[in-house]
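Now for the letters of each chain:
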Amino acid sequence: MINNENVKHLTKVTYQTHGTCSKYICISVDENGVVQDAQFIGGCDGNTKGVCSLIRGMKAQEVIARLKGITCGNKPTSCPDQLATALQEMGY
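Fair warning: this is a prediction, and the values are worked out from it, not measured in the lab.

## Focus on helix α3 (residues 79–89)
Most of α3 sits out of view: nine of its eleven residues are buried. The set of residues buried in α3 consists of C79, P80, D81, Q82, L83, A84, T85, A86 and L87. Looking at the buried positions of α3, the neighbouring elements they touch are β1 (10–16), β2 (22–30), β3 (35–42), α1 (45–55) and α2 (60–67). A distance of 3.1 Å separates the backbone nitrogen of D81 from a side-chain oxygen at the start of α3, and that oxygen is part of S78. One or two residues past the end of α3 sits G91, with phi positive at roughly 105°.

Take a look at the structure:
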């Protein structure tokens with residue numbers, strides 16, 4: 001018998017980034033709005049892995065508040081900014 005009380009319902013999205021070295025971000029958010037996992041496809045490997053590790057377990061709204069508007073070099077966006085944009089498009 002499965003105990004449904006411990007089963008989390010996840011929303012999983014693959015977001016195509018714009019204006020960054022990374023091409024996609026795969027994001028999983030649970031029913032409470034908590035980021036369970038994220039993975040960048042492309043981009044600066046160590047930096048994107050670090051961002052994903054830091055946001056795991058954070059509320060999506062907090063991730064957006066911290067990352068929205070970060071730029072990369074002379075680009076108007078960045079991988080963290082694109083992650084925030086993806087979460088906003090998911091409705092957080």
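## Re the sheet that holds β2
Read across the open sheet, the three strands follow the order β1-β2-β3; overall the sheet is antiparallel. Taken across any chain shown, the strands that pair with only one partner, and hence form the sheet edges, are β1 and β3. Taking each pair of neighbouring strands and ignoring which way they run, the sheet shows an average axis angle of 10°. Across seven bridges, β2 lies against β3 in antiparallel orientation.

## Some remarks on the state of the cysteines
All chains considered together, the criterion is met by zero disulfides. C79 provides the cysteine sulfur closest to C52, a residue in no disulfide bond, and the two sulfurs are 9.4 Å apart. Not engaged in a disulfide, the cysteine C72 finds its nearest cysteine sulfur in C21; these two sulfurs lie 6.4 Å apart. Judged by its relative accessible area of 40%, C72 falls in the partly exposed class.

## Details of the environment of I55
On the secondary structure map, I55 appears in helix α1. Among the residues examined, I55 registers a relative accessible area of 4% and is labelled buried. Sequence separation between I55 and T17 is 38 residues; the distance between their C-alpha atoms is 18 Å. In this structure I55 touches V35, A38, V63, L67 and L83, once residues within four positions along its chain are discounted.

## Quick word on the pattern of salt bridges
Taken as a whole, this structure holds four salt bridges when the rule is applied. With its nearest N and O atoms 3.3 Å apart, the salt bridge here joins R56 to D37. Taken together, the residues span a long stretch of sequence, with R56 in the loop between α1 and α2 and D37 in strand β3 at a distance of 19 residues. What makes R56 partly exposed here is its relative accessible area of 42%. On the basis of relative accessible area, D37 is assigned to the partly exposed category, the value being 35%. Of the charged contacts, one joins D45 and K49 as a salt bridge, the two residues approaching to 3.1 Å between their closest N and O atoms. Of the two residues, D45 and K49 both sit in helix α1, four residues apart, roughly one turn of that helix. Its relative accessible area of 54% is what places K49 among the exposed residues.

Definitions and cut-offs
- Residues numbered from 1 in each chain as written.
- Predicted model: local features only at pLDDT ≥ 70, side-chain atom pairs only at ≥ 80, totals over all residues.
- Heavy atoms only, no water.
- Buried < 20%, exposed > 50% of the residue type's maximum accessible area, 1.4 Å probe, protein only.
- Helix = DSSP H or I, 4+ residues; strand = E, 2+ residues; numbered from the N terminus.
- Contact = heavy atoms within 4.5 Å.
- Polar contact = N/O pair within 3.5 Å; in protein donor to acceptor, adjacent residues only side chain to side chain.
- Pairing = 2+ DSSP bridges.
- Axes fitted to C-alpha atoms, helices over the stretch in contact; angles between N-to-C directions.
- Disulfide = S-S within 2.5 Å.
- Salt bridge = Lys/Arg side-chain N within 4 Å of Asp/Glu carboxyl O.

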